[in-house]
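# Analysis of the macromolecular model
This is what each chain is made of:
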Amino acid sequence: MKPEYKWSVIGQSVRGASHLRSGLPNQDAIKFHADTDGEPPVLLAISDGHGSPKSFRSAVGAQRAVEVAVRVTKTFLDGMKDLPLSAIKNAAERFLPADIVKTWMQEVDEHLRCNPFSAEELDRLEREAGVAAKQAAIANERHRIAYGATLLLAAVSDSYLFYLQLGDGDILTVSDTPQQVESPLPQDASLIANETTSLCMDRAQKLFRFRFQSMQGIPPALILASTDGYSNSFSTPGDFYKVGTDLLGMIQKNGLDYVEKSLAAWLDDASRSGSGDDVSLGIICRCGIAQPGHNPGDVAPEESRAVQATDQPPQPAPHPE
Amino acid sequence: MQGKKIESLNLAIKESIKPMQDVADENPNAEVLVRVIKFSDGAQWHVSQPTEIHNFKWTDLDADGVTDMGKALTLLADALKLENMPQRGLPPVLVLVSDGQPTDDFNGGLKAVMEQPWGTKAVRIGVAIGEDADLGVLQKFIGNAEVKPLVASNVQDLVKKIKWASTVPLKAASNPASRSKDTPGGGVNVQIPAPPADAAPVSAADVF
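Residues numbered from 1 in each chain as written. Chains lettered and ligands numbered in written order. Predicted model: local features only at pLDDT ≥ 70, side-chain atom pairs only at ≥ 80, totals over all residues.

What follows deals with the overall build of chain A. Across its full length, chain A carries 8 helices and 12 strands. Its C-alpha atoms give chain A a radius of gyration of 20 Å, near enough to 20 Å, the size a compact globule of 321 residues would have. Taking the principal axes of the C-alpha coordinates as reference, chain A spans close to 65 × 45 × 35 Å. Looking at chain A as a whole, 50% of its 321 residues qualify as buried. By sequence separation, contacts in chain A at least 24 residues apart represent 76% of the contacts at least 6 residues apart. (Helix = DSSP H or I, 4+ residues; strand = E, 2+ residues; numbered from the N terminus. Rg over C-alpha atoms; globule rule 2.2 N^0.38 Å. Buried ≥ 20, exposed ≤ 12 C-beta atoms within 10 Å, placed from the backbone. Contact = placed C-beta atoms within 7 Å.)

Structure representation (structure tokens):
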């Protein structure tokens, strides 16, 4: 049976304003999977490398995290075809975090094996974080701290969706009837003051938040996943949530292509005037929500191609301390 | 605290405002807000509202009496409660300055601070003025064996160390980098560079 809904996915990751000043690279990563015909499964993964002196290879850790998450989840979904929803839910919750963590650990271990910590990296670690941190990096099983990163994943299949999150960052759903922005995952109240749970932690697979939803009724128009550099650029959670409805309005009015072309500039603005951190945002979009002529595959009449490039997301504010 | 010590502390804080503003300007993505608690006989807010550093003005302290440090920490703990703090924020920097020994329940006050998630994640610095200050309680407040209390024995030394305590941890905490919750290092979540060397007094009259 053909799936009822089709999907597109876009995303962008920009280097933070503070990283530009300090010479650090972008330590976020984003990866998504969608077939050209828009049929599910659609996957979106985002990761935020910690960037602290102890996590000096977290850009690599983040990149490995999104690659592993998409690959492992795609394989998982391929193996779940024709199973009852309850079986899929239980398997996803029980096995997927462990598989992702185990594969990520194997990949960063392999990266380290091929690229041992250099004397320069270890000297800088000792200078910036002390002797204990250097000894921990060299010690068995603690070396993965150097690659520490968070992970957010949204997966859309033909009859269900699920979300996985380890660490800070945000997954939001935006409905169009009625217009509503929600956080499908429970908040982790312990994630404050820039401390986060991480793929490099012991028993990281036990620290994931998970939510499974069967696709009854109309699914969300948008699913947004972003690193905390984006939400930290807004004064209040309410201001950040408004991005959801603003993006929905822009896509409805101007199409997803317009948002895709503008996204990097918007995220740069957010970092510059907000958190200063790297900022990454991915958007899974239900096809057909835009006005005629602006949906993927639509043939637009000439007069409707002009795009009003006046809409902007809410202006962020500095990060309080 | 009285006499030369309190005069020196007031001078040191006034001289630290511009350097703090400079740190804030170097980190435009972090908004620096300052509050102050004073304690002697009891404890109360000296600057109660979080004040943006470019708007911060110092009114001289007058703290004659005993050293109710426990009450100060209890007041601090209330301010650090989750419902009283912004939902998203960088680690706070807490600087405890004292010239004596606590005369009330210091351990109870410290426990109240450490029961708050924002308290455990704060950068905590201790500054001792003169040789009568209890370094043990300041070390307990800091809670990290690798970071020792700063000890100021004269006017110039106090100015130098208050300036350091007001700016260097602030700069470190203003970094948007995140940290894994269980990284080794005794729970330290912000790495602080080593403090400055002692400053010599200009004259014998400047020694506490």
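The partner chain A presents 43 residues to the 30 residues of chain B that form the contact. Secondary-structure elements contributing two or more residues to the side of chain B that touches chain A are β1 (30–31), α4 (117–121) and β7 (179–180) of chain B. Take the side of chain B that touches chain A: its biggest share by element is 3 residues, from α4 of chain B. Partitioned by chemical class, the residues of the side of chain B that touches chain A number 13 nonpolar, 10 polar and 7 charged. In this sheet, β7 of chain B lies alongside strand β8 (residues 195–196) of chain A in parallel orientation, the contact comprising 2 bridges. The residue bridging Glu 195 of chain A from the neighbouring strand is Arg 179 of chain B, located in β7 of chain B. (Nonpolar A, V, L, I, M, F, W, Y, C, P; charged D, E, K, R; others polar. Pairing = 2+ DSSP bridges.)

So, on to the sheet that holds strand β6 (residues 150–152) of chain B. Residues and elements named next belong to chain B. Across the sheet, 3 strands lie side by side as β4-β5-β6; this open sheet has parallel pairing. The open sheet terminates on both sides in strands that have one partner only, identified here as β4 (93–98) and β6. On average, adjacent strands in this sheet sit at an angle of 20° to one another, irrespective of strand direction. Judged from the 6 bridges that link them, β4 and strand β5 (residues 123–129) form a sheet pairing that is parallel. Bridge pairing in β5 links Val 93 to Val 123. Sitting on the sheet, helix α6 (residues 155–173) is in contact with β4, β5 and β6, with an inclination near 180° to β5. (Axes fitted to C-alpha atoms, helices over the stretch in contact; angles between N-to-C directions.)

Residues and elements named next belong to chain A. Of all hydrophobic cores here, the largest spans 86 residues; its most connected members are Ala 65, Ala 154, Leu 222 and Ile 284. The element that contributes the greatest number of residues to this core is helix α2 (residues 58–79), accounting for 9 residues. Non-local contacts of Leu 222, meaning those with residues more than four positions away in its chain, are made with Val 174, Gly 244, Leu 247, Leu 248, Ile 283, Ile 284 and Cys 285. (Core = buried A, V, L, I, M, F, W, Y, C linked by C-beta atoms within 7 Å.)

On to the pairing of strand β2 (residues 33–40) of chain B. Residues and elements named next belong to chain B. In this structure, β2 lies alongside strand β3 (residues 42–52), joined through 7 bridges in antiparallel fashion. Considered in β3, the bridge of Lys 38 is made with Gln 44. The turn linking β2 back onto β3 is made up of 1 residue.

All names here are of chain B. Examined against the element boundaries, Gln 44 turns out to sit in strand β3. Owing to 12 C-beta atoms within 10 Å, Gln 44 belongs among the exposed residues under this scheme. Considering only alpha carbons, one finds Gln 44 and Lys 171, 127 residues apart in sequence, at a separation of 27 Å.

Now for the packing of helix α4 (residues 119–129) of chain A against helix α5 (residues 131–138) of chain A. Residues and elements named next belong to chain A. Between α4 and α5, whose axes approach to 7 Å, the crossing angle comes to 140°. Taken together, the axes of α4 and α5 are oblique relative to one another. Contacts between α4 and α5 involve Leu 122, Leu 125, Glu 126 and Ala 129 from the first element and Val 131, Ala 133, Lys 134 and Ala 137 from the second. A class-by-class count of the residues in the contact of α4 with α5 yields 6 nonpolar, no polar and 2 charged. (Parallel < 35°, antiparallel > 145°, perpendicular 65-115°, else oblique.)

The next point concerns the confidence of the model for chain A. Residue and element names in this part refer to chain A. Mean pLDDT over chain A stands at 90; residues scoring 70 or higher make up 90%. Across residues 300–311, confidence stays below pLDDT 50; counting only partners more than four residues off in sequence or on other chains, it has 9 contacts. Counted against residues more than four places away or in other chains, residues 317–321, with its pLDDT under 50, gives 27 contacts. (pLDDT = per-residue confidence, 0-100.)

Our focus in this paragraph is the sheet that holds strand β10 (residues 222–226) of chain A. Hydrogen bonds along the backbone pair up the strands of a sheet, which may run parallel or antiparallel. Residue and element names in this part refer to chain A. Ordered in space as β1-β11-β10-β6-β7, the 5 strands form an open sheet in which the pairing is antiparallel. Only two strands of the sheet have a single neighbouring strand rather than two, namely β1 (7–14) and β7 (179–182). Each strand of the sheet is rotated relative to its neighbour by a mean of 15°, with strand direction disregarded. Pairing between β1 and strand β11 (residues 279–286): 8 bridges, direction antiparallel. Residue pairing across strands places Ser 13 opposite Ser 280, the latter belonging to β11. The strands touched by helix α7 (residues 237–254) within the sheet are β6 (170–176), β7, β10 and β11, with β6 carrying the most contacts at an inclination of about 45°. Strand contacts of helix α8 (residues 256–273): β1 and β11, with the helix running at about 25° to β1, the strand carrying the most contacts.

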